[in-house]
Amino acid sequence: MKGADERFQSEANSANIMSMPAAATDALTIGNALRALPKAELHLHLEGSVNATTFAEMARHHDVELPPHSHPAELFDYSDLAGFLDVYALVAASMIDRRDFERVTYECLERCAANGARHVEMFFSPEAHIEHGVPYDTVLAGITAGVRHAEVDFGLSCLLIPAINRELGGLRAVEFVEMVLAHRTDDIVGVGLDFNEIGYPPELFVDAFRLAEQAGLRRTSHAGEVGPAQNVRDGIELLHCERVDHGYNIVQDPELLAECVASQVPFTVCPTTTTFTTDHRDLSAADHPIRVMYDAGLNMTVNSDDPTMFGAELTDEYSKLNRLMGFSFDELAQLALASLDAAWIDEPTKSSWRAEWASDIECISARLDEQ
Ligand code: ADE
Ligand code: ZN
């Protein structure tokens, strides 16, 4: 039975282990098994998760001019981070009404659930909407409504991480955190720091992150994606980040890598993103940073970042690690459990979910072994 609001016409959650092939004789493919793996999605941007058709519809509705295209999917075309962020800004500019935010949040979480995500910690980019005259409370109210509907309809949980746009500088970042705190709800779990690292190093954001920390918000930052390994160190040491988003360039600093292996600070890696925004476009290369980070013993979680805009859902990310990087099902199951451990939820909940997830993983694994 669906929740009260049928407006967004969901499909059934196809990741439920109950929906795996029922009879022992029915083949369970590695793809189905990876889809069914219980996962936490910890690095996902709402605005990077909008369907191309939803984007085109919202843009038409709000008279936002789009580049010429014969199909909405063609709008998602870029070859580096800066080009991607331009289109990301256009998607954000097409989200105006509270209902737009509710709709994209619901659609995004529907796909998360269909990919086996049972818990999501979702970034959103308030500045990209405020810039177009949409107040923060409209953004937050719409997203929160979408989360509530999705939680009922898909049985997952979702916490929110408003992300600081580093390209607006340190002073604005302080005002941003003040705004976030003035509208704080239980859904807001922490703050992030994203957009282009080049020219906007972590040290600019010490005051903003101190304010967030003093108010009890959790902290994470994009670092070492297109910027140097030093940004990873500074994110941890200056901003007191508890997770690192991306972090690939850590492989250029063996000392820092060893320190992060020792501390087990979680890195939320996004395989497909590396093929768009970094120089590491061959996932099967033996020296791909994700391979090197994992082999070094870093605490790593697998995530989708901007799934519609980069054309890969969460299951695809696990599947790419299997097909292109040689990760076994058991290793991927351990990474799925690591995503739960790295989530910002309370320990009692985590420990009860850990037992549930481990038991579901055992079932899935046993089905794979039968073949
Ligand atoms: N915002 C959304 N995706 C991002 C990425 N990969 N890097 C920096 N900022 C982002
Ligand atoms: Zn990201």
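The rules we used
Residues numbered from 1 in each chain as written. Chains lettered and ligands numbered in written order. Predicted model: local features only at pLDDT ≥ 70, side-chain atom pairs only at ≥ 80, totals over all residues. Heavy atoms only, no water. Near = heavy atom within 4 Å. Polar contact = N/O pair within 3.5 Å; in protein donor to acceptor, adjacent residues only side chain to side chain. Areas by Shrake-Rupley, 256 points an atom, 1.4 Å probe, with all protein chains shown as cover. 1 Å grid on protein atoms, 1.4 Å probe; cavity = no way out; pocket = protein on both sides within 12 Å on 5 of 7 lines; lining within 4 Å. Sits in = over half its atoms within 2 Å of the grid points. Helix = DSSP H or I, 4+ residues; strand = E, 2+ residues; numbered from the N terminus. Salt bridge = Lys/Arg side-chain N within 4 Å of Asp/Glu carboxyl O. Donors = N, O, S within 2.8 Å, 3.2 Å for Na, K, Ca; no water. Tetrahedral: all angles 85-135°; square planar, octahedral: opposite > 155°, others 65-115°. pLDDT = per-residue confidence, 0-100. Contact = heavy atoms within 4.5 Å. Points joined across faces, edges and corners; volume = space filled by probe spheres on them. Nonpolar A, V, L, I, M, F, W, Y, C, P; charged D, E, K, R; others polar.

Caption draft 1: Structural view of the site of ligand 1. Around ligand 1, 13 residues are found, and the nearest of them are His45, Phe195, Glu225, Asp305 and Asp306. A distance of 2.7 Å separates a nitrogen atom of ligand 1 from a polar side-chain atom of Glu225. Asp306 places a side-chain nitrogen or oxygen 2.8 Å from a nitrogen atom of ligand 1. Taking 260 Å² as the accessible area of ligand 1 by itself, protein coverage stands at 100%. A majority-of-atoms criterion places ligand 1 in the largest cavity. With four residues, the top contributor of residues to the shell around ligand 1 is helix 3 (residues 81–93).

Caption draft 2: Region of interest: the pattern of salt bridges. Enumeration over the complete set of coordinates arrives at 20 salt bridges. A salt bridge links Arg148 to Asp187; the shortest N-O distance between them is 2.8 Å. Taken together, the residues Arg148 in helix 6 (residues 136–154) and Asp187 in the loop between helix 7 (170–182) and strand 4 (190–194) connect sequence positions 39 residues apart. We note a salt bridge from Arg172 to Glu175, for which the minimum N-O separation is 3.0 Å. Of this pair, Arg172 and Glu175 both sit in helix 7, three residues apart, which is roughly one turn of that helix.

Caption draft 3: Molecular detail of the coordination of the zinc ion (ligand 2). Surrounding the zinc ion (ligand 2) are the protein donor atoms His43 (NE2), His45 (NE2), His222 (NE2) and Asp305 (OD), which sit 2.0 to 2.2 Å from the metal. Geometry at the zinc ion (ligand 2) is irregular, judged from the four donor atoms that bind it and their angles of 85 to 173° at the metal. All donors of the zinc ion (ligand 2) come from a single chain, and their spacing in sequence reads H-x1-H-x176-H-x82-D. Here the residue His45 occupies a position in strand 1 (residues 39–45), and Asp305 occupies one in the loop between strand 8 (300–302) and helix 13 (307–310), the gap between them amounting to 260 residues.

Caption draft 4: Representation of the confidence of the model for the protein in the model. Looking at the protein, the pLDDT average stands at 95 and 94% of residues meet or exceed 70. Counting interchain partners and residues more than four positions distant, the pLDDT-below-50 stretch residues 1–13 has 25 contacts.

Caption draft 5: Quick peek at empty space enclosed by the protein. Tallied over the entire structure, the rule returns two cavities of 30 Å³ or more. Quantified by volume, the largest cavity comes out at close to 120 Å³. Together, 15 residues line the largest cavity, and His45, Leu81, Phe84, Leu85 and His222 are the ones closest to its centre. Looking at the lining of the largest cavity, the elements that each hand over two or more residues are helix 3 and helix 11 (271–277). Element by element, the count of residues in the lining of the largest cavity is highest for helix 3, at four residues. The residue inventory of the lining of the largest cavity, partitioned by class, reads six nonpolar, five polar and four charged.

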